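# Tertiary structure, described
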Amino acid sequence: QVQLVESGGGLVQPGGSLRLSCSASGRIFRIGAMGWYRQAPGKQRELVALISSNDDIDYRDSVKGRFTISRDNAKNTVNLQMNSLEPDDTAVYYCNAGVKTTTLGPFRDYWGQGTQVTVSS
């Protein structure tokens with residue numbers, strides 16, 4: 001019913017930048033919070049950045065000052081600008097959104113397929 005498609009991952013040298021984008025489509029009545037998570041090999045998935053429907057923003061401490069999350073409600077997109085990338089940022093990055101598909105239904109979590117970010121020299 002709802003699809004999230006990410007783009008923008010890749011290989012970058014330490015200190016470099018990448019911009020991730022995520023577009024939501026399908027049966028969407030309303031989108032609540034949108035966010036980016038990441039999962040490195042052998043580690044649990046962790047929250048990177050979260051933006052509410054009112055543009056309240058939260059970042060994990062290790063990315064504060066380097067990453068910027070933004071959203072475009074008219075286009076149902078969320079972006080993550082990543083600057084000053086470090087090898088520890090290497091992971092698969094997943095887009096997440098809370099979506100209502102009907103007027104009376106609850107918000108449900110939807111996930112993208114993930115995009116690989118590799119920071120290496």
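Residues numbered from 1 in each chain as written. Predicted model: local features only at pLDDT ≥ 70, side-chain atom pairs only at ≥ 80, totals over all residues. Heavy atoms only, no water.

## Some thoughts on the pattern of salt bridges
- Going through the model one piece at a time under the given rule, you end up with 6 salt bridges.
- Of the charged contacts, one joins Glu 86 and Arg 66 as a salt bridge, the two residues approaching to 3.8 Å between their closest N and O atoms. Of this pair, Glu 86 sits in the loop between β8 (77-82) and β9 (91-100) while Arg 66 sits in the loop between β6 (57-59) and β7 (67-72), and the two are 20 residues apart along the sequence.
- What makes Glu 86 partly exposed here is its relative accessible area of 37%.
- Take Arg 66: its relative accessible area is 10%, and that puts it in the buried class.
- Among the charged side chains, a network of salt bridges with common partners joins Arg 38, Glu 46, Arg 60, Arg 66, Glu 86 and Asp 89. (Salt bridge = Lys/Arg side-chain N within 4 Å of Asp/Glu carboxyl O. Helix = DSSP H or I, 4+ residues; strand = E, 2+ residues; numbered from the N terminus. Buried < 20%, exposed > 50% of the residue type's maximum accessible area, 1.4 Å probe, protein only.)

## A few points about the pairing of strand β4 (residues 30-39)
- The element β4 is extensively covered by neighbouring structure, given that 7 of its 10 residues are classed as buried.
- With 8 bridges joining them, β4 and β9 adopt antiparallel strand pairing. By the bridge assignment for β9, Arg 38 is matched with Tyr 93.
- Across 5 bridges, the pairing between β4 and strand β5 (residues 46-51) is antiparallel. Its bridge partner lying in β5, Arg 38 is registered against Glu 46.
- Two successive antiparallel strands, β4 and β5, enclose a turn made up of 6 residues, where Gly 42 displays a positive phi of approximately 80°. (Pairing = 2+ DSSP bridges.)

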